[in-house]
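Residues per chain, in single letters:
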Amino acid sequence: MSRRVRMLVLGPGLLGLGALFAWAIAGLPAFGHYRGPYGYVLNRLVVPLRHTTNVVMGTNFDVRGVDTMGEEFILYAAVVGVTLLLRDESNARHVERHTRRLRNETVRLAGVAMVGGGLLVGLWLMAFGYITPGGGFQGGVVAAGAVLLLYLAGSHRDYSPFRDAHVLDPLEGVGAGGYVVVGLAALASGSAFLTNLFGRGTTGTLLSGGSIVILNWAAAIAVTCAMLLLFAEFLETYVEPLETEEAGA
Amino acid sequence: MSYLPYIVAAWICLVGIAGIATSRNLIHLAVCLTVAQSSSYVLLLSVGFVKHGRAPIFLGTKLGTPAVDPVVQALTLTDVVVSVAVIGLILALALDAHRLSGTVDPDHIADVSG
Amino acid sequence: MTWIPPLLVAIPLFGAAITAGLDHVTPEPLQDAMVVAAATATTALAFLLLWRAEDHEVVHWFGGWQPRHGIALGIDFAVGPLAAGMCAVIALVVTLALVYSLTFMKEAARLFDALMLVALGAMCGFAMSGDLFNLFVWLELMGVAAYALTGFLVERLGPVQGAINFAITNSVGSYLFAIGIALLYARTGTLNLAQIGQTLARSSHAGGLVIVAMTLLLCGFLVKGAVVPFHLWAADAYAVAPAPVCAVLGGVMTDIGLIGVARMYWTVFAAIDHGHAIGDVLLWLGMVTALLAGTMAFLQRHLKRMLAYSVVCHIGVMLAGIGLLSAAGLAGTELMFLAHALLTAGLFFVAGVLHADHGVIDEFRLRGRGRGCWAPAAAWLVGTIGLVGAPFAGVFLGHDLIDEAATALGRPWVLPLLWLGTALSGAALLRAGARIFLGWGDEDDPLLGKAMEEDPLERDVLRPLLVAVSVVAVAAGVAISVVPGLGQRAEYAADRFRDRSAYVAQVLHGRPMKPPPALPVSILHASVASLLYGGGATLFVLGLALVGLYRRRLPRLVAATGERVLGPPVRVLHAVHSGVVGDYVTWVVVGTAVTGAAWALLLRGG
């Protein structure tokens, strides 16, 4: 199909889809008038039952914990997939890593400050994720992003220790597998999979929520390592040859 | 006004899909895919909104204060991770396509057809 | 026995997590053994679950979050015999594919195994889940694993293109599905399928919101299930993926989209007014799919592409069986799924053997080179006959039940049309088999287009293992119609699957179902019409295959008329299957809009 034919077919299709959307929107309750009951029930139940004040994380890691397990493995599968797709065997490069340092001192200083700040924010989001807004996933992404800043504000060599697949791969496996192990442990003790079997703790402190803490950290580790691995894969395949070209030119 | 968020969500979806269907660059296509998916985030979050509701975080807040739906927020979080995974794969495939054929135009990498 | 459903997901996923982690630590044979052990354990547990699920629905509430006052709080896996049977066959096919790939894939083996195990866990989770968003999560998980596996052979552009088309088309379908979830959640305030169904049944008039949500949800599954016009990605993806991956994708993963459709219909949407119109549209989509894909199969020369269209053709038949909305129709689809999964996997395995032996998978390039390979030839022949549905072979019983359902509903014309589609794809396979293994037929045929570039496999394979796995798969598949007692159990499983109120009672209120009646252990009786169809189909397929082989030798008048009549439609078909992802997404949009409009008119207008 040529592009013109495609446009001719697509136009009416999008109009039809838009009409369907409009019809559906007409039947939705007005914005702000959520009818429930699922949300209202959980808002009432999660804090007394699990002592976590962040009901969203309580939902994610306890009430709907299986969804989160699937989600963690989606990220895991994506990382394995990207590694598979970029394995690039015919072009096994043994490039000399020329250090290219960023010249502008102000940018470097700002970058270093952001790395520290970002890491702290990420760790805080991870640690307090089930008490205040945050969580393992959010903290993991922020922390991984802060580490990537090392490359942007510094150089490839500064970033190298965080690209080591031999460390990141098992860690990611620990994060993802750890989630399943917690679930299996609950199963082995006679309850349902992923039942929260640990003590509830005191509401509003770091020691609350039972297995939510463990699952939160498992997710945090898995997500951090997954993002670092993704960055490493893309950097290795694409950025390195560019750098040596620049350095050599 | 009370239907505006939903209309925005529908618009984002249609624009995203239009972008995917007419894209000439795989990177652009991956971003359009993300845009199309973000329409589902907007829709989910709007559906769960409660007027004058606070965030569903009860540290220092009395239980029973009106709060928005926490379930859609949890669903959106999962949705975002799915989007990251898919865009990662498509970008990797775009890199491969460029390495093998020199182009990232989806119209010109049709090696198999029929 | 409620501890089994989570294990069917946890064991493969855990296996995948440690597979990549232990890559450099343990010796390779041990790693291979662990992977196969994980898959085998899942298969064994799935069969155990099947045995128990027949007595009562096995319901597992994750995290111990049981429903309170009839409101579902957590996520559940609700497994009846149909879902358990699905899991068993899925696990079996993946195990066979993993054994096959032990020598077939040498590079990046651990990454490959990890993704296959992830796909296994996701497919089992999808088959068992009773929660709307949970279905989405497993759908995406199996998708992500499949996209990467399709692009495995990254040295060529074809696999990359196939993976791109697969990923983008399926993702668009999934995102429409996600919007459907949001809409349905707004309407019902819950994500549990049983509870959604109950809520919708209370006010059975379906407004625009419900109809559009249903369109988006079902079309999302139809994209996964490669139904026309959402099917365009399938041939591109299956042509380029390695043989064991194709076996899993074509054998089970595509079919599972249809089980999603069935689950959504019978649990959620069956009670709305004029609900039978939903089935009518599905029936028509199924018939169009069967005929179109059958025709496309006949026009292929690449074996795996041909098999891809054969898969889509059988998907069409299975969707038609679901669309008939009766117990017999659903039972027919179940039996077809069982036979089709194993037979298709077996045929893909044979294609892999040919690739390993000769380095090409093109029908003409392989012409005559299969002479003397008795086991693959026999497997190919038996597999094809099984897919065609000769009396009491393979899909025969499935076809018989679908015909029974269609006749009971006053639509006797359904089966002949479906039969035509499957005959076309069967004839294509038989033609290819005769050309390759017997050397018959013309040397070239411009109708079938040009050959694709191929890479020979650069690894030493353990050929007896590959052939053995192919033979096992085909033998199991073709025997489905003669397994005593399977037909009756399939019908009972279909009855259970369709019973919404019993499902709701068990899931939300814990009320157990009635125990099953004593089911006889005998081979199901087939109607005379079915026997005639089956026998006739086989003869028709033989004839059509001969025409395909010796097309050049037809009398000139016939050939010229044929060219003038069939030429333009064939050119249009080839143009539509262009390999360009923009076109595919366009068709997804158009298909969704048209299906939605059809349901809007039928469900409102009465």
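Residues numbered from 1 in each chain as written. Chains lettered and ligands numbered in written order. Predicted model: local features only at pLDDT ≥ 70, side-chain atom pairs only at ≥ 80, totals over all residues.

1. As for the overall build of chain C
Next up, step 1: Check the secondary structure of chain C and you find 22 helices and 2 strands.
Next up, step 2: For chain C, the C-alpha radius of gyration of 23 Å lies close to 25 Å, the compact-globule estimate for 606 residues.
Next up, step 3: If you line up chain C on its principal axes, its C-alpha atoms span 70 × 65 × 50 Å.
Next up, step 4: Here chain C, with 606 residues, has 67% of them falling under the buried criterion.
Next up, step 5: For chain C, the proportion of contacts with a sequence separation of at least 24, taken over those separated by at least 6, is 84%. (Helix = DSSP H or I, 4+ residues; strand = E, 2+ residues; numbered from the N terminus. Rg over C-alpha atoms; globule rule 2.2 N^0.38 Å. Buried ≥ 20, exposed ≤ 12 C-beta atoms within 10 Å, placed from the backbone. Contact = placed C-beta atoms within 7 Å.)

2. Topic: the overall build of chain B
Next up, step 1: Helices and strands together make up the secondary structure of chain B, namely 3 helices and 0 strands.
Next up, step 2: Listing each helix as α and each strand as β along chain B from the N terminus yields α-α-α.
Next up, step 3: In terms of C-alpha radius of gyration, chain B reaches 19 Å, well past the compact-globule figure of 13 Å for 114 residues.
Next up, step 4: By principal-axis analysis of the C-alpha atoms, chain B measures approximately 60 × 30 × 20 Å.

3. Comments concerning the pairing of strand β2 (residues 76-79) of chain C
Residue and element names in this part refer to chain C.
Next up, step 1: Residues of β2 alternate between two faces, with Asp 76 and Ala 78 on one and Phe 77 and Val 79 on the opposite face, all of them buried.
Next up, step 2: Where strand β1 (residues 58-61) meets β2, 4 bridges bridge the pair, whose relative direction is antiparallel. Counted as the bridge partner of Trp 61 is Asp 76 from β2. (Pairing = 2+ DSSP bridges.)

4. Brief notes about the environment of Val 41 of chain A
Next up, step 1: Looking at the secondary structure, you find Val 41 of chain A in helix α2 (residues 38-50).
Next up, step 2: When near neighbours in sequence (up to four residues on either side) are disregarded, Val 41 of chain A contacts Ile 71 and Leu 73 of chain C.

5. Structural notes on the packing of helix α9 (residues 232-240) of chain C against helix α10 (residues 243-269) of chain C
Axis angle and axis distance: for two packed helices, these are the angle between their axes and the distance between the axes, and together they describe the pair.
Residue and element names in this part refer to chain C.
Next up, step 1: Packing of α9 against α10 leaves a shortest axis separation of 9 Å and a crossing angle of 150°. The angle between α9 and α10 places the two elements in the roughly antiparallel class. Residues Ala 234, Ala 237 and Tyr 238 of α9 form the contact with α10, whose own contacting residues are Cys 246, Leu 249, Gly 250 and Thr 254.
Next up, step 2: When the residues that make up the contact of α9 with α10 are grouped by side-chain class, the tally is 5 nonpolar, 2 polar and no charged. (Axes fitted to C-alpha atoms, helices over the stretch in contact; angles between N-to-C directions. Parallel < 35°, antiparallel > 145°, perpendicular 65-115°, else oblique. Nonpolar A, V, L, I, M, F, W, Y, C, P; charged D, E, K, R; others polar.)

6. Side note on the interface of chain B and chain A
Quite often, the size of an interface is put as the accessible area lost when its parts meet.
Next up, step 1: Taken together, the contacts link 40 residues of chain B with 44 residues of chain A.
Next up, step 2: Going through the elements one at a time, α1 (4-21), α2 (26-47) and α3 (70-101) of chain B are the ones with two or more residues in the side of chain B that touches chain A.
Next up, step 3: No other element matches α3 of chain B, which puts 16 residues into the side of chain B that touches chain A.
Next up, step 4: Taken together, the residues that form the side of chain B that touches chain A break down as 31 nonpolar, 6 polar and 3 charged.

7. Here's the deal with the nonpolar core
Residue and element names in this part refer to chain C.
Next up, step 1: Ranked by size, the top nonpolar core spans 380 residues in total, and within it Cys 87 and Val 93 carry the most contacts.
Next up, step 2: The leading source of residues in this core is helix α13 (residues 327-358), at 21 residues.
Next up, step 3: Those residues in contact with Val 93, other than ones at most four positions away along the chain, are Ala 247, Val 248, Gly 251, Val 252, Ala 341, Leu 342 and Ala 345. (Core = buried A, V, L, I, M, F, W, Y, C linked by C-beta atoms within 7 Å.)

8. Concerning the interface of chain A and chain C
Next up, step 1: At the junction of the two partners, chain A supplies 57 residues and chain C supplies 65 residues.
Next up, step 2: Looking at which element gives the most residues to the side of chain A that touches chain C, the answer is helix α4 (residues 65-85) of chain A, with 15 residues.
Next up, step 3: Residue composition of the side of chain A that touches chain C, by class: 32 nonpolar, 16 polar and 9 charged.

9. Here we look at helix α5 (residues 132-150) of chain C
For an α-helix, the turn length of 3.6 residues means that residues three or four places apart are oriented alike.
Next up, step 1: For α5 of chain C, with 19 residues, the first-to-last C-alpha span of 27 Å sits near the 27 Å given by 1.5 Å per residue.
Next up, step 2: Counting buried positions along α5 of chain C yields 19 of 19 residues, so the element is predominantly enclosed. (Expected span 1.5 Å × (residues − 1).)

10. Describing helix α2 (residues 28-53) of chain C
Residues and elements named next belong to chain C.
Next up, step 1: The terminal C-alpha atoms of α2, which comprises 26 residues, lie 37 Å apart, in line with the 38 Å expected from a rise of 1.5 Å per residue.
Next up, step 2: Along α2, the positions that sit buried rather than exposed are Val 35, Ala 38, Ala 39, Thr 42, Thr 43, Leu 45, Ala 46, Leu 49, Leu 50 and Ala 53.
Next up, step 3: Tucked into the core, α2 has its buried residues touching α1 (4-21), β1, β2, α3 (81-104) and α4 (109-128).

11. Comments concerning unusual backbone geometry
Next up, step 1: With an omega dihedral of -5°, the bond running from Val 228 of chain C to Pro 229 of chain C counts as a cis peptide bond.
Next up, step 2: Along the polypeptide, Pro 229 of chain C turns up in the loop between α8 (208-224) and α9.
Next up, step 3: Phi angles above zero are rare outside glycine, and His 52 of chain B is one such case at about 60°.
Next up, step 4: With respect to the helices, strands and loops of the structure, His 52 of chain B is situated in the loop between α2 and α3.

12. Concerning the environment of Val 223 of chain A
Residue and element names in this part refer to chain A.
Next up, step 1: Counting through the fold element by element, Val 223 comes out in helix α9 (residues 211-248).
Next up, step 2: Separated by 77 residues in the primary sequence, Val 223 and Ala 146 have C-alpha atoms spaced 14 Å apart.
Next up, step 3: Among residues more than four places away in sequence, those in contact with Val 223 are Leu 75, Gly 136, Phe 137, Gly 140 and Val 141.

13. Looking at the packing of α3 of chain B against α5 of chain C
Next up, step 1: Between α3 of chain B and α5 of chain C, whose axes approach to 10 Å, the crossing angle comes to 10°. It follows from the interaxial angle that α3 of chain B and α5 of chain C lie roughly parallel. The segment α3 of chain B lies against α5 of chain C, with Leu 75, Thr 78, Val 82, Ala 85, Val 86 and Leu 89 of chain B engaging Phe 133, Val 137, Glu 140, Val 144, Tyr 147 and Ala 148 of chain C.
Next up, step 2: Looking at the contact of α3 of chain B with α5 of chain C residue by residue, the classes come out as 10 nonpolar, 1 polar and 1 charged.

14. Section: the environment of Thr 95 of chain C
All names here are of chain C.
Next up, step 1: Residue position: Thr 95 is located in helix α3.
Next up, step 2: For Thr 95, a count of 23 C-beta atoms within 10 Å translates into the label buried.
Next up, step 3: For Thr 95 and Pro 464, which are 369 residues apart along the polypeptide, the C-alpha to C-alpha distance reads 17 Å.
Next up, step 4: Dropping the residues within four chain positions of it, Thr 95 is found in contact with Val 36, Ala 39, Thr 40 and Thr 43.

15. Topic: the confidence of the model for chain C
All names here are of chain C.
Next up, step 1: For chain C, per-residue confidence averages 88 on the pLDDT scale, and 97% of positions sit at 70 or higher.
Next up, step 2: For chain C, per-element mean pLDDT is lowest for helix α21 (residues 556-576), which scores 82, and highest for α5, which scores 95.
Next up, step 3: Here the complex is predicted with pTM 0.94, and the ipTM for its interfaces comes to 0.95. (pLDDT = per-residue confidence, 0-100.)

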